[in-house]
Each structure stands twice: as C-alpha cells, then as structure tokens.
Amino acid sequence: MTANTADKTIVMFGADWCGDCRRSKALLDAEGIEYDYVDTEAVEDAADRARAISGRTNIPVIVFPDGSHLVEPSNAELRAKLALN
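Reading the values: the criteria
- Residues numbered from 1 in each chain as written.
- Predicted model: local features only at pLDDT ≥ 70, side-chain atom pairs only at ≥ 80, totals over all residues.
- Heavy atoms only, no water.
- Helix = DSSP H or I, 4+ residues; strand = E, 2+ residues; numbered from the N terminus.
- Buried < 20%, exposed > 50% of the residue type's maximum accessible area, 1.4 Å probe, protein only.
- Core = buried A, V, L, I, M, F, W, Y, C linked by side-chain atoms within 4.5 Å.

Caption draft 1: Inspection of the environment of Ile53 at higher detail. Note on placement: Ile53 falls in helix 3 (residues 46-54). You can call Ile53 partly exposed: its relative accessible area is 33%. Sequence separation between Ile53 and Ser68 is 15 residues, and the spatial gap between their C-alpha atoms is 9.3 Å.

Structure, rendered in structure tokens:
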C-alpha cells in the first residue's frame, strides 16, 4: 500500500475468532467495499496498533479514510458510516 492509497482505504483490525469481526467483514464484502484487513493474531504489532487508535482492547477497530474509527460497530452503525442506507 502506498502513501497515496493509504489515506483512501478502510483498514479493519480484527481476528478470525471474533464474531463481530466476521460480521463486519461480511457486510463490507457483501457491499463490495474494499478494505485492508489486519489480523491482530498474525501481525506482530497489530493489536497494539488497534489499541493505540481506539484506546480499547475490543475488536474490530475499523479506521476510515477521514481518520475516524468505529469499534465493534453494529451493522446499522457501519452502514450509516458508509452511507449505505
């Protein structure tokens, strides 16, 4: 990922065992929304990075191109942020 695409890409920090992560991934996938998935179990510093962004240990942490983020969003919250009504 280059610096030019980094600010235009949604980044989701999550783990395969996390039900909320699977649900959020499924919504993004179903809507055809591109995102970078960072596995907090497989990437050494990913959990620390997610915690630094959100101030919490909960996942998923979804970071948007505008710099905002959501933690454990419901489908309704995620749809609202993405303007998918």
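Caption draft 2: Quick look at the nonpolar core. Ile10, Met12, Leu28, Ile62, Phe64, Leu78 and Leu82 are the most contacted members of the largest nonpolar core, which totals 14 residues. Within the residue set of this core, elements represented by two or more residues are strand 1 (10-14) and helix 2 (19-30). Grouped together as the second largest cluster of nonpolar side chains are eight residues, Val11, Val38, Ala46 and Val63 included.

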